[in-house]
Amino acid sequence: MVNTIQSAADLNAPPVTKILAEYVAQHPSQGWNPEVEHEAHRTFLNWLGCAIGAANHESVHSALGAVHEFAPSPQATILGRSERVDMGSAALINGISSHTFDFDDTHLKTVIHPAGPVASAILALGEHVKASGRQIIDALVLGIDVACRVGNCMYPDHYHIGWHITGSTGMLGSAAACSRVLGLNTHQTQMAIGIAASQPIGVREQFGTMTKPFHPGGAARAGQMSALLAKHGFTSSPKALEAGRGFIQTVSTKADWKEIDQQLGKSFEISLNTYKPFACGIVIHPTIDACSQLKAKGVDYREVQKIELKVHPLVLELTGKKTPRTGLEGKFSIYYGAALGLVFGRASEHEYDDNIVNRPDVIAIRDKVIAQIDPNMSEASVEASAYLMNGQKISIRVEHAIGSLQNPMSDQALEDKFSYLCEPIIGARNTKELIQTCWQLGKLKNLDALLGLSVPKIGNS
């Protein structure tokens, strides 16, 4: 009976492992329109800024301490730091730092943060093999496509049962992208994706801890190793994704195969990427946006009697922490997010400092926030009403927060965010030059200039 079920499951699935491998290995360089090319550069710029910005965070210190126990050879750069480590460890550390502030990119259809696993792996690998900027951009587009298309196939079921979909698809995108950088053929790329399929990383229980940003870092390292194993002849099942006991049907009750291969090579998931103006979980963004608008309308948080929020059920499932005590916990509290919008009119990484989370006036307004589930609200919307002590009620409804596809951050806004994150780490001069270098990445003959600008310099200003 078991064998019959297994065979039926196999027969119903298209050969998506091979399809994706052929796509990654054979798709022409820069085989997309200028809009996709520009979005790839926006994605890389945003990812790099997030990784550099968190370079001195305690999670990076801890992870580096562990890595140094292995006495790694100095193959690759740690962004925002002077240390150099082996390329696998660089992929891990840079992946961790890029997600530490929860300020990185989001593919809203799946809530995957796609650049962390992919960019972290290929930049470290590319430094070691002396790749060109063009190779990095090509691999970024194709690797993100693999991760997000598999995510589309499984979402939301895979996510709802507890997987952190960034890590549990990121190793596939990383493996595909690294295969592209290495110039692997279709068979080798198929093996790399198959090896990666046995290494899903991350469960949602870890949200609010240092282990959440470990997920994209771990996925980056796993995918990179998968590609290197395949390069040297290591094998895997050629049906590792689609088989009845393969990755997709093991970790998800949903397997919508057409999401993987429809319009493959014609539409690109990176076109659906978005960037965060607020350093927290994406479902809190509409609330921060709405409460910031209330502040802009003249609402003084000291005159507020209560704040009522109407939100989609998933919002409270993900961000229902009522009494956060640390910045990490605050990133998963819609109550704290509402307070930040009302008190500061923003929610950058500074506002997630532990001291601000525990500030008495912030706690006072946080405790006045009432979040109610409204099934008529979408995950991307909120209705926020401020009840003032003078009896006045002021309401704001946000359908799509700033940073969404419908209300995207401009190139200038991304540059401003990059500067905010990077100037304290690498200095204003390096930051300005690095921004321009990122916009030209696809034209660079090598990565030397970009990496040289991405680390601190003595006397920088």
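Residues numbered from 1 in each chain as written. Predicted model: local features only at pLDDT ≥ 70, side-chain atom pairs only at ≥ 80, totals over all residues. Heavy atoms only, no water.

Asks: How do you make sense of the packing of helix H9 (residues 165-182) against helix H10 (residues 186-196) when you look at a structure like this?
Replies: For any two helices packed against each other, the geometry is given by the interaxial angle and the distance between the axes. Between H9 and H10, the shortest axis-to-axis distance is 8 Å and the interhelical angle comes to 155 degrees. Viewed along their axes, H9 and H10 adopt a mutual orientation that is roughly antiparallel. Of the two elements, H9 crosses H10, and the hand of that crossing is right-handed. Contact residues: H9 offers Met171, Leu172, Ala175, Ala176 and Ser179, while H10 offers Thr189, Ala192, Ile193 and Ala196. Grouping the constituent residues of the contact of H9 with H10 by class yields seven nonpolar, two polar and no charged. (Axes fitted to C-alpha atoms, helices over the stretch in contact; angles between N-to-C directions. Helix = DSSP H or I, 4+ residues; strand = E, 2+ residues; numbered from the N terminus. Parallel < 35°, antiparallel > 145°, perpendicular 65-115°, else oblique. Left-handed = near helix turned anticlockwise from the far one by under 90°. Contact = heavy atoms within 4.5 Å. Nonpolar A, V, L, I, M, F, W, Y, C, P; charged D, E, K, R; others polar.)

Asks: Sorry, what's going on with the pairing of strand S8 (residues 393-398) here?
Replies: Every other side chain in a regular strand lies on the same face of the sheet, so the side chains alternate between the two faces. Only one face of S8 is buried: it carries Ile394, Ile396 and Val398, and the other face, with Lys393, Ser395 and Arg397, is open. The sheet contact formed by strand S7 (residues 382-388) and S8 spans six bridges and is antiparallel. Counted as the bridge partner of Ala386 is Ile394 from S8. Where S7 folds back onto S8 in an antiparallel hairpin, the turn is made up of four residues, including Gly391, whose phi is positive at roughly 95 degrees. (Buried < 20%, exposed > 50% of the residue type's maximum accessible area, 1.4 Å probe, protein only. Pairing = 2+ DSSP bridges.)

Asks: Teacher, can you tell me more about the pattern of salt bridges here?
Replies: Two side chains carrying opposite charge are able to pair once their charged atoms lie near each other. Under the counting rule described, the total for this entry stands at 21 salt bridges. Via salt bridges that share partners, Lys310, Glu383, Arg397 and Glu399 belong to a single interconnected network. (Salt bridge = Lys/Arg side-chain N within 4 Å of Asp/Glu carboxyl O.)

Asks: Is there a simple way to explain the sheet that holds S8 in this structure?
Replies: Hydrogen bonding along the main chain pairs the strands of a sheet, whether they run parallel or antiparallel. What the four strands build is an open sheet, ordered S6-S5-S7-S8; its pairing is mixed. On the outer flanks of this sheet lie strand S6 (369-373) and S8, each paired with one strand and no other. Neighbour-to-neighbour, the strand axes of this sheet turn through a mean angle of 15 degrees, independent of strand direction.

Asks: Got a minute to help me understand the packing of aromatic side chains in this structure?
Replies: Enumeration over the complete set of coordinates arrives at five aromatic pairs. Measuring from ring centre to ring centre gives 5.5 Å for Trp32 and Phe268, while their planes differ by 75 degrees; the resulting arrangement is edge-to-face. Residue Trp32 is found in the loop between helix H2 (16-26) and helix H3 (34-53), and its partner Phe268 is found in the loop between helix H13 (258-261) and strand S4 (273-274); the two are separated by 236 residues along the sequence. With respect to class, Trp32 is no different from Phe268; both count as buried. Centre to centre, the rings of Tyr336 and Tyr352 are 5.6 Å apart; their planes meet at 65 degrees, and the pair counts as edge-to-face. Taken together, the positions of Tyr336 in helix H17 (residues 334-343) and Tyr352 in the loop between H17 and helix H18 (354-357) put the pair 16 residues apart, joining distant regions of the chain. Like Tyr352, Tyr336 is buried. Residue placement shows Arg204 over the ring face of Tyr159; its charged tip is 4.2 Å from the ring centre. In this structure, Lys331 packs its charged tip against the face of Tyr352, placed 4.5 Å from the ring centre. (Phe/Tyr/Trp six-rings, centres within 6.5 Å; stacked < 30°, edge-to-face > 60°. Lys NZ or Arg CZ within 6 Å of the ring centre and 35° of its normal.)

Asks: Honestly, the environment of Met210 in this entry has me stumped. Any pointers?
Replies: With respect to the helices and strands, Met210 occurs in the loop between H10 and helix H11 (211-231). Residue classification places Met210 among the partly exposed residues on the basis of a relative accessible area of 33%. Taking the C-alpha atoms as reference points, Met210 and Ile112, separated by 98 residues in sequence, lie 18 Å from one another. Non-local contacts of Met210, meaning those with residues more than four positions away in its chain, are made with Glu58, Ser59 and Leu328.

Asks: Mind showing me how you'd approach the pairing of S7 here?
Replies: Taken across its seven residues, S7 has five buried, putting it largely inside the fold. Bridge analysis of strand S5 (residues 304-311) against S7 gives six bridges, and the strand direction is antiparallel. In the sheet register, Lys310 faces S7, and the bridge partner there is Glu383.

Asks: What should I look at first to understand the packing of helix H20 (residues 411-426) against helix H21 (residues 428-439) in this one?
Replies: Look at H20 against H21: their axes get within 8 Å of each other, and the N-to-C directions meet at 140 degrees. Viewed along their axes, H20 and H21 adopt a mutual orientation that is oblique. Seen along the crossing, H20 lies across H21 with a hand that is right-handed. Residue-level contacts link Asp411, Glu415, Phe418, Ser419, Cys422, Glu423 and Ile426 of H20 to Ala428, Asn430, Thr431, Leu434, Ile435, Gln436 and Trp439 of H21. Class assignment of the residues belonging to the contact of H20 with H21 gives a composition of seven nonpolar, four polar and three charged.

Asks: Help me out: how do you make sense of the state of the cysteines in this one?
Replies: In protein chemistry, a disulfide is the covalent bond that joins the sulfur atoms of two cysteines. Using the criterion set out here, one finds zero disulfides in the structure. Cysteine Cys280 shares no disulfide, and the gap to the nearest cysteine sulfur, in Cys291, comes to 12 Å. Of the cysteine sulfurs around Cys422, a residue in no disulfide, the closest is that of Cys438, at 8.3 Å. (Disulfide = S-S within 2.5 Å.)

Asks: Mind showing me how you'd approach the nonpolar core here?
Replies: Generally speaking, a soluble globular protein has its nonpolar side chains buried in company with each other. Ranked by internal contacts, the top residues of the largest apolar core, which has 154 residues, are Phe44, Leu48, Leu172, Leu241, Phe247 and Leu309. Looking at this core element by element, the count peaks at 12 residues for helix H7 (residues 133-154). The contacts of Phe247, once residues within four sequence positions are left out, are Val150, Met154, Ser168, Met171, Leu172, Ala197, Pro200, Ala240 and Leu241. (Core = buried A, V, L, I, M, F, W, Y, C linked by side-chain atoms within 4.5 Å.)

Asks: What should I look at first to understand the confidence of the model for the protein chain in this one?
Replies: The predicted coordinates ought not to be read in detail in places where the model reports low pLDDT. Scored by pLDDT, the protein chain has a mean of 95; 97% of the residues are at 70 or more. No element of the protein chain has a lower mean pLDDT than helix H1 (residues 2-12), at 52, and none a higher one than H9, at 99. Note that residues 1-7 has pLDDT below 50 and, in this model, three contacts with residues that lie over four places away or in other chains. (pLDDT = per-residue confidence, 0-100.)

Asks: So what exactly am I meant to see when it comes to the environment of Gly173 here?
Replies: Positionally, Gly173 belongs in helix H9. The class for Gly173 is buried, based on a relative accessible area of 0%. Taking C-alpha positions, Gly173 is 23 Å from Val85, a pair spaced 88 residues apart along the chain. When sequence neighbours within four positions are dropped, the list of residues in contact with Gly173 reads Val118, Gly143, Val146 and Ala147.

Asks: Hey, could you run me through the side chain of Ser120 in this one?
Replies: Mapped onto the secondary structure, Ser120 falls in helix H6 (residues 115-129). Within the structure, Ser120 has its side chain in polar contact with the backbone oxygen of Gly116 (distance 2.5 Å). If sequence neighbours within four positions are ignored, Ser120 has contacts with Trp47, Ala91, Asn94, Gly95, Ser98, Ala115 and Ala220. (Polar contact = N/O pair within 3.5 Å; in protein donor to acceptor, adjacent residues only side chain to side chain.)

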